[in-house]
Amino acid sequence: MAGERDLGVLLATLDVERRPGVFAYVVVPTGSPPPPAAVAMVDEGDTTSYVVDAATLPPEGDTFRAAWLTLTVHSSLEAVGLTAAFSSALAQHGIPANVLAGFHHDHVLVPEDRADEAITVLRALATRAR
C-alpha cells in the first residue's frame, strides 16, 4: 500500500500512539557493537547514535528520558510538510521533537514527562485539519 502524500489528508487522519517504555540516546564510536536493547540507530560518521530502552542503562548513562510516539498515519517518504506541521505544533508548546522517519510512519521522541501534553497537541493538530 502506497503512503499518503497529501498534507491535508495526512493531518486530518493523523493520530498518535505511545510505544510502551522509556527510551534514551547512547552515543558510541562508529564500528562499536550496538548497546543492548537498541531499537534505532543513526550513523553520524565518527559516532553512532542509538535509541535504547532506558531501563537497560545505568542511571548516570541516561541523559534524556524520552517517550516514543508513533504517528499512525501511513505517510509517503515523498510527502511534503508533515514533519514541519507536527514539529511546529510541538514547538509552539515548547516541546522538543526528536524525529525518526520509518518507511510507513514517523516517530517522535519527546521528553517523557511531556508525553501526554505532546499527544494532546498532536491530536489537536489533526482536529483542526478536519
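This section reports on the structure supplied with the text. Note on numbering: residues in each chain are counted from 1, in written sequence order. Since the coordinates come from a predicted model, pLDDT governs what is reported: local features require at least 70, and pairs of side-chain atoms require 80 or more to be given and counted, while whole-chain, interface and lining totals use all residues. Heavy atoms throughout the structure, all of them, feed into the side-chain values; hydrogens and water do not.

### Remarks on helix H3 (residues 115-129)
Between the first and last C-alpha of H3 there are 21 Å, a value that for 15 residues agrees with the 21 Å anticipated at 1.5 Å per step. Turning to H3, its buried residues are Ala115, Ala118, Ile119, Val121, Leu122, Leu125 and Ala126. One side of H3 holds all its buried residues, which, seen down the axis, span an arc of 160°. For H3, exposure combined with an orientation more than 90 degrees from the buried face picks out Asp116, Thr120, Thr127 and Arg128. Whether two residues are in contact is decided by their heavy atoms, any of which lying within 4.5 Å being enough. Numbering of helices and strands runs from the N terminus, with a helix taken as a DSSP run of H or I at least four residues long and a strand as a DSSP run of E at least two residues long. For H3, the secondary structure elements touched by its buried residues are helix H1 (7-12), strand E1 (16-29), strand E4 (66-71), helix H2 (82-92) and strand E6 (106-111). In this scheme, a helix's expected span is set at 1.5 Å multiplied by one less than its residue total. The rule is simple: take the accessible area with a 1.4 Å probe, protein chains only, and divide by the maximum for that residue type; under 20% is buried, over 50% is exposed, in between is partly exposed. It is the directions from the helix axis to the C-beta atoms that the arc portrays.

### Side note on the nonpolar core
We define a nonpolar core as any set of buried Ala, Val, Leu, Ile, Met, Phe, Trp, Tyr and Cys residues linked to one another through side-chain atoms lying within 4.5 Å. Counting 23 residues, the largest nonpolar core has Leu69, Leu71, Leu82, Phe86, Leu90, Val110 and Leu122 as its most contacted members. Mapped onto this core, the elements with two or more residues apiece are H1, E4, H2, E6 and H3. Core analysis: the next-biggest nonpolar cluster, separate from the first, contains eight residues, Val22, Val26, Val28 and Val52 among them.

### Focus: the pairing of strand E5 (residues 98-101)
Taken together, the four bridges between E5 and E6 define a ladder with antiparallel strand orientation. Looking across to E6, one finds that Ala101 is bridged to Asp106. Linkage of E5 to E6, two consecutive antiparallel strands, is achieved through a turn of four residues. Only strands that DSSP links by at least two bridges are regarded as paired with each other.

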